[in-house]
Amino acid sequence: MKIICIGMNYKAHIAELNLPYPEAPIFFMKPDSSLLKSNKVFFIPDWTNDMQYEVEVVYRICRLGKHIQKKFAHRYYDAVALGLDLTARDLQNECRQRGLPWEICKAFDGSAVLSEFVPLDELPDKNSIDFRLLRNEVEVQHGNTSDMLFTIDDIIEHVSKYMTLKTGDLIYTGTPIGVGKLEINDKLKAYMGDLKLIDMKVK
Ligand code: ZN
C-alpha cells in the first residue's frame, strides 16, 4: 500500500507558512514503514530540533482505479480516520530552500500516525467532518473538511492521473492552522466530532 499526503490544503495553514495558494493539489508520499498506530508512543528522533504535529483527516481507498473522474471519485473511498503527518520542520525548510525532495523530513519511521477507521456511512455529514487536536489537554488545531481547498474527490481525480490507486492506499488530506512543535512527554489526543481516535504519548 502507499500513503499519499496533500500539502497546503487549508487556507489559514498556507498563510501561516507564508506560501501562495496552489492551483492543483500538491502531493507527496510516505512509505508503509512510516505508519504508527495512534495509541503507540512516538519517540522524537535526535536528528531534528523541530518535530511538528499536523492533524489530518485520512481517507481509505477501497477499489482499484486510474484516471478517475471527479463525479465517480466517491466510489473509491469508504472510511476515514485521523492521522498525524509528523514533520521535521527544520529539515523541511532546508529541503525547500535547496529544492530537495521531502522524504527525509516527512517519510521517516513513525511519521504517519494513524487511528482506527470510521465507515463513512456512520458519519452525520461526510462533507463536513470536524476534527481537532489537543496537546496536553489544550486544543491546538481545529479543522473541518468543508474548508479544504481541494475536496477528497478533487484529490482523487488529480492523483489518479499520475498513479493507480489501490485498495488499502491512504490519503492524508492536509492540515488546518495551528501546527506546532512537539516536546518530550507531550500527550496528544485527537477527536473526530466527539469520537476520540488518537491518544498517544511523545518521548
Ligand atoms: Zn500534512
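Residues numbered from 1 in each chain as written. Predicted model: local features only at pLDDT ≥ 70, side-chain atom pairs only at ≥ 80, totals over all residues. Heavy atoms only, no water.

Asker: Please explain the environment of Thr145 as it appears in this structure.
Answerer: Examined against the element boundaries, Thr145 turns out to sit in the loop between strand S11 (138–144) and helix H4 (152–162). Residues Thr145 and Gly174, spaced 29 residues apart in sequence, show a C-alpha to C-alpha distance of 9.5 Å. With residues near it in sequence (within four places) discarded, Thr145 still touches Tyr10, Val57, Tyr59, Asn127, Ser128, Ile129 and Phe131. A distance of 2.9 Å separates the side chain of Thr145 from the backbone nitrogen of Ile129, its partner in a polar contact. (Helix = DSSP H or I, 4+ residues; strand = E, 2+ residues; numbered from the N terminus. Contact = heavy atoms within 4.5 Å. Polar contact = N/O pair within 3.5 Å; in protein donor to acceptor, adjacent residues only side chain to side chain.)

Asker: Help me understand the pattern of salt bridges in this model?
Answerer: Between side chains of opposite charge, pairing is possible as soon as their charged atoms come close. Going through the model one piece at a time under the given rule, you end up with 12 salt bridges. The residue Lys30 makes a salt bridge to Asp85 at a minimum N-O spacing of 2.8 Å. Placement of Lys30 in strand S2 (residues 26–30) and of Asp85 in strand S6 (residues 77–85) is noted, with a sequence separation of 55 residues between them. Each member of the pair Lys30 and Asp85 is classed as buried. A salt bridge links Lys70 to Asp154; its shortest N-O distance comes to 2.8 Å. Within this pair, whereas Lys70 is found in the loop between strand S5 (55–61) and S6, its partner Asp154 is found in helix H4, the two being separated by 84 residues in sequence. With relative accessibility at 37%, the residue Lys70 sits in the partly exposed group. Connected via shared salt-bridge partners are Lys30, Glu54, Asp85, Arg89 and Lys106. (Salt bridge = Lys/Arg side-chain N within 4 Å of Asp/Glu carboxyl O. Buried < 20%, exposed > 50% of the residue type's maximum accessible area, 1.4 Å probe, protein only.)

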